[in-house]
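# Inside the fold
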Amino acid sequence: MSELGLIQVYTGNGKGKTTASLGLAFRACGHGFQVLMLQFMKEDQNYGETKAATCLPGFEIKQVGRNKFVNLAEPEAIDIELAQNGWKLAQQAIVSRHYDLVILDEINVAMACGLISTDEVVRFLTGLTDNRTEIVLTGRYAPDAILDIAHLVTEMKDIKHPFAAGAPARKGIDF
Ligand code: ATP
Ligand code: MG
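Throughout, residues of each chain are indexed from 1 in the direction in which the sequence is written. For naming, the first written chain is A and the first written ligand is 1, with later ones following in the order written. Local features in a predicted model are, by the rule used here, given only for residues with pLDDT of at least 70; side-chain atom pairs are given and counted only at 80 or more, and totals for whole chains, interfaces and linings are based on all residues. Hydrogens and waters are ignored; side-chain quantities use all the structure's heavy atoms.

## Side note on the site of ligand 1
Worth spelling out the cut-off: Neighbouring residues are identified by heavy atoms, a residue being near a molecule or strand if any of them is within 4 Å of it. Method for areas: the Shrake-Rupley scheme with a 1.4 Å probe, in which residue coverage is limited to the protein chains shown. Think of a 1 Å grid over the protein atoms and nothing else: a 1.4 Å probe that fits but is trapped marks a cavity, an open set flanked by protein within 12 Å on at least five of seven lines marks a pocket, and residues with an atom within 4 Å of a point count as lining. If over half the atoms of a molecule are within 2 Å of the grid points of a cavity or pocket, the molecule is regarded as sitting in it.
Taken together, 13 residues surround ligand 1, and among them K15, K17, T19, E106 and D174 come closest. Relative to its free-state accessible area of 570 Å², ligand 1 is covered by the protein chains to the extent of 79%. Taken atom by atom, the bulk of ligand 1 overlaps the largest pocket.

Here it is, written out as structure tokens:
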């Protein structure tokens, strides 16, 4: 019997949410699991993880956004459309049962700024029957309704980050 099928959330304002999910993906691939990471609000092939994933059998990363920052206070129609398409892909991937692990990277932010309906995500996740796919939702501002239904919630807390002292994002560390 599969031991998979829980809902995990990595949220908070500290660094480590996406990289924690990548660590989990790495571990899962080691056991021959099929892993899909959908990256919401992102289109940039210069991320180390998208390059590295091509070397790991069983690990797919798909970016479902565009190469421009989403205005969180006032998202554009195209950002809503792309996030909705990503959410459709996520649902298909989960119900397909093809994947052991599905990571929805930054979906918490997509919900928090209204690109995707939190109610819809909660309805879908709680409506799954006999789910065998481990599902990870990452990103700041995870809505309370998501925390309520999750089995595992980790909050990354910012204590210190070189960005505050003006350091730029670093290749291989931040992207
Ligand atoms: P990572 O991808 O490094 O695990 P993350 O997923 O926790 O980070 P996000 O909220 O997705 O962080 O932010 C993405 C970018 O912002 C990354 O380049 C990350 O290093 C950086 N970042 C994360 N936390 C902080 C912080 N507290 N202050 C400044 N920059 C941060
Ligand atoms: Mg992240």
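## A few points about the side chain of K17
To be explicit about the condition: The secondary structure listing takes helices from DSSP runs of H or I that are at least 4 residues long and strands from runs of E that are at least 2 residues long, numbered from the N terminus. Type-normalised accessible area, obtained with a 1.4 Å probe on protein chains alone, sets the label of each residue: buried when under 20%, exposed when over 50%, and partly exposed for intermediate values. Charged residues are defined narrowly, with Lys and Arg counted positive, Asp and Glu counted negative, and His plus the chain ends left uncounted. Here, a salt bridge means any side-chain nitrogen of Lys or Arg that lies within 4 Å of a carboxyl oxygen of Asp or Glu. In what follows, residue pairs with any heavy atoms lying within 4.5 Å of each other are defined as contacts.
Tracing the backbone through its elements, the reader meets K17 in helix α1 (residues 17–30). Within the buried core, K17 has no salt-bridge partner, and the shortest N-O distance to an opposite charge, that of E106, equals 6.5 Å. Discounting residues that sit within four places of it in the chain, K17 has contacts with Y10, T11, G12, T138, G139, R140 and M156.

## Considerations on the sheet that holds strand β6 (residues 152–155)
How we decide: Here, a strand pair is defined by DSSP locating no fewer than two bridges between the strands. Here an axis means a line fitted to C-alpha atoms, over the contact stretch when the element is a helix, while the angle between two N-to-C directions is reported on a 0 to 180 degree scale.
The parallel open sheet is built from six strands, whose spatial order is β3-β2-β4-β5-β1-β6. Edge strands, defined here as strands with exactly one partner in the open sheet, are β3 (59–63) and β6. In this sheet, adjacent strand axes meet at a mean angle of 15° when their direction is disregarded.

## Digging into the coordination of the magnesium ion (ligand 2)
Convention followed: The donor definition counts N, O and S atoms within 2.8 Å of each metal and applies 3.2 Å to Na, K and Ca; water is not among these atoms, so some sites may look incomplete.
Distances from the magnesium ion (ligand 2) to its protein donors, T18 (OG1) and E106 (OE), fall within 2.0 to 2.1 Å. Here E106 lies in the loop between β4 (101–105) and α4 (107–112) and T18 lies in helix α1, a separation of 88 residues in the sequence. For the residue pair T18 and E106, the accessibility class agrees, reading buried in each case.

## Observations concerning the nonpolar core
Heads up, the condition is: For the purposes of this section, nonpolar cores are sets of buried Ala, Val, Leu, Ile, Met, Phe, Trp, Tyr and Cys residues that join through side-chain atoms within 4.5 Å.
Grouped together as the largest cluster of nonpolar side chains are 31 residues, with contacts concentrated most on L104, I116 and L137. Broken down by secondary-structure element, the contributors of at least two residues to this core are β1 (7–11), β2 (35–39), α3 (77–96), β4, α4, α5 (118–127), β5 (134–138) and α6 (144–149). For this core, the element with the highest residue contribution is α3, accounting for five residues. The contact partners of I116, leaving out residues within four places of it in the chain, are F40, A83, Q84, W87, I107, A110, M111 and V121.

## Brief notes about unusual backbone geometry
Of note in this structure, E106 is not a glycine but carries a positive phi near 70°. Look at E106 and you get buried, because its relative accessible area is 18%. The backbone phi angle of Y141 is positive, close to 60°, even though this residue is not glycine. Within the secondary structure layout, Y141 lies in the loop between β5 and α6.

## Structural notes on the packing of aromatic side chains
The description of two aromatic rings rests on the distance between their centres and on the angle between their planes. The following threshold applies: For Phe, Tyr and Trp, where Trp contributes only its six-membered ring, two rings pair if their centres lie within 6.5 Å, and the inter-plane angle classes them as stacked under 30 degrees, edge-to-face over 60, or tilted in between.
Tallied over the entire structure, the rule returns one aromatic pair. Residues W87 and F124 carry aromatic rings whose centres are separated by 5.4 Å and whose planes lie at 85° to one another, so their mutual orientation is edge-to-face. Of the two residues, W87 sits in helix α3 while F124 sits in helix α5, which places them 37 residues apart along the sequence. Accessibility expressed as a relative area gives 15% for F124, which makes it buried.

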